[in-house]
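The residues making up each chain are set out below.
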Amino acid sequence: MASVAKCMGIMAGAGLIGGAASSYYMQSKINKFALKEASSHAKDGMIPIGGMTKDGKLWDGKMSVDDFKKQLNQKTMISSLITGVAAAVGTSIVSGLTLLLRGKVKVK
């Protein structure tokens, strides 16, 4: 039984690392493109932003390119962690079912 837990632990760890790393890699490519575009639109190091309030008034604002980069990195880290956890759960389920079907785990 210890070998089953060990196998599932290793597979969950591999799923976590693999899922998080691949998600981070793909998202970093997208972030580089977004930063390149934002830098081309920036005036004096500031990106013009704006929107509409709930009462319908328009507002204008500015964000520095560095703040934009920090926000992108934070979102990338969070989404990579979530993707890694989901991959770890999926990998654990698949490895558990594989061990069950191979007869390594006896169901009582």
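You'll find the structure just up there.
The sections below set out a description of the structure shown in this document. These figures come from a predicted structure and were not determined experimentally.

1. Looking at the overall build of the chain
Scanning the chain from N- to C-terminus turns up 2 helices and 2 strands. Helices (α) and strands (β) of the chain occur, in sequence order from the N terminus, as α-β-β-α. Whereas a compact globule of 108 residues would reach a radius of gyration of roughly 13 Å, the chain reaches 22 Å, over 25% beyond that. Here the C-alpha coordinates of the chain stretch approximately 65 × 30 × 15 Å along the principal axes. A total of 108 residues make up the chain; the buried ones form 21% of that total. The long-range share in the chain, meaning contacts at least 24 apart out of those at least 6 apart in sequence, stands at 56%. Surface accessibility of the chain: about 8,200 Å² in total, with carbon and sulfur atoms responsible for 67%. Charged side chains in the chain number 15 positive and 6 negative. The centres of these two groups are separated by 24 Å.

2. Topic: the nonpolar core
Listed in full, the 5 residues of the largest apolar core are Leu35, Ala38, Ile47, Val65 and Leu72. Those elements that provide at least two residues to this core are helix 1 (2-41) and helix 2 (65-101). Those residues within four positions of Ala38 in sequence are excluded, and the remaining contacts are Ile47 and Phe68.

3. What to know about unusual backbone geometry
A positive phi is found at Asp44, a non-glycine position, where the angle reads about 60°. Along the chain, Asp44 falls in the loop between helix 1 and strand 1 (46-52).

4. Focus on the pairing of strand 1
Taken residue by residue, a regular strand's side chains alternate between the two faces of the sheet. The pairing of strand 1 with strand 2 (residues 58-64) spans 7 bridges and is classified as antiparallel. When the bridges of strand 2 are listed, Met52 appears paired with Leu58. Between strand 1 and the antiparallel strand that follows it, strand 2, lie 5 residues; Gly56 among them carries a positive phi value of about 95°.

5. Thoughts on the side chain of Thr76
By secondary structure assignment, the location of Thr76 is in helix 2. For Thr76, a relative accessible area of 3% puts it in the buried group. The residues touching Thr76, leaving out its near neighbours within four places in the chain, are Tyr24, Gln27 and Asn31.

6. Focus on a nonpolar patch on the surface
Taken together, Leu16, Ile17, Leu81, Val85, Val89, Ile93, Leu97 and Leu100 make up a surface patch of nonpolar side chains, about 720 Å² in accessible area. Considering each element in turn, the nonpolar patch owes the most residues, 6 residues, to helix 2. Tracing the sequence through the fold places Val85 in helix 2. The partly exposed category is assigned to Val85, whose relative accessible area is 44%.

What counts, and at which threshold
- Residues numbered from 1 in each chain as written.
- Predicted model: local features only at pLDDT ≥ 70, side-chain atom pairs only at ≥ 80, totals over all residues.
- Heavy atoms only, no water.
- Helix = DSSP H or I, 4+ residues; strand = E, 2+ residues; numbered from the N terminus.
- Rg over C-alpha atoms; globule rule 2.2 N^0.38 Å.
- Buried < 20%, exposed > 50% of the residue type's maximum accessible area, 1.4 Å probe, protein only.
- Contact = heavy atoms within 4.5 Å.
- Areas by Shrake-Rupley, 256 points an atom, 1.4 Å probe, with all protein chains shown as cover.
- Lys, Arg positive; Asp, Glu negative; His and termini not counted.
- Charge placed at Lys NZ, Arg CZ, Asp CG, Glu CD.
- Core = buried A, V, L, I, M, F, W, Y, C linked by side-chain atoms within 4.5 Å.
- Pairing = 2+ DSSP bridges.
- Patch = residues over 30% accessible without salt bridge, like charges linked within 9 Å, V, L, I, M, F, W, Y side chains within 5 Å.
- Salt bridge = Lys/Arg side-chain N within 4 Å of Asp/Glu carboxyl O.

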